[in-house]
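Descriptive structure summary
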Amino acid sequence: NMSNFSLKICCMGAGYVGGPTMAVIAANCPDIKVTVVDLAEKQIAAWNSSNLPIYEPGLNEVVQSVRGKNLFFSTDIDAAILEA
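First, a word on what this report is: a plain description of the structure on this page. Every value quoted in this text rests on a predicted model; they were computed, and no experiment measured them.

Quick notes on the rules
- Residues numbered from 1 in each chain as written.
- Predicted model: local features only at pLDDT ≥ 70, side-chain atom pairs only at ≥ 80, totals over all residues.
- Heavy atoms only, no water.
- Core = buried A, V, L, I, M, F, W, Y, C linked by side-chain atoms within 4.5 Å.
- Buried < 20%, exposed > 50% of the residue type's maximum accessible area, 1.4 Å probe, protein only.
- Helix = DSSP H or I, 4+ residues; strand = E, 2+ residues; numbered from the N terminus.
- Contact = heavy atoms within 4.5 Å.
- Pairing = 2+ DSSP bridges.
- Right-handed = clockwise from strand over helix to strand, strands pointing away.

Remarks on the nonpolar core
One broad trend across soluble globular proteins is that nonpolar side chains are buried collectively. Counting residues in each nonpolar core, the largest one holds 17 residues, and the members touching the most others are V34, V36, W47, L59, V63, L71 and F73. For this core, the elements supplying multiple residues, two or more each, are α1 (18-28), β2 (32-37), α2 (41-47), α3 (59-66) and β3 (71-74). The residues touching F73, leaving out its near neighbours within four places in the chain, are V36, I44, W47, N48, V63 and R67.

The structure is reproduced here in structure tokens:
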């Protein structure tokens, strides 16, 4: 239930900093909804797939453990800003 989140974060940019940082925050803070937004549809599609756009040791496992629970990747920037 979306209303159970104590805080909602919108991160602009799904690159080398935003993606991994937000994944770690989501994994460590299950009561925070984290949405990472980017204009690049291919980048967001990759974050939503099993083939992440960047490699960091352990990152794939972290993303898979929280994606769709409290970690989301989207191109809908306006909606994510309004919700946060």
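Anyway, onward from the coordinates.
Focus: the pairing of β2
Of all 6 residues in β2, 6 are buried, a share of seventy percent or more. Residue alternation in β2 divides its side chains into two sets, I32, V34 and V36 and K33, T35 and V37, and both sets are buried. Bridging between strand β1 (residues 7-12) and β2 involves 6 bridges; their strand directions are parallel. The residue bridging C11 from the neighbouring strand is V36, located in β2. As a crossover connection, the stretch from β1 through α1 into β2 is right-handed. When β2 meets β3, the two strands line up parallel, connected through 4 bridges. From the neighbouring strand, T35 faces β3, where its bridge partner is F72.

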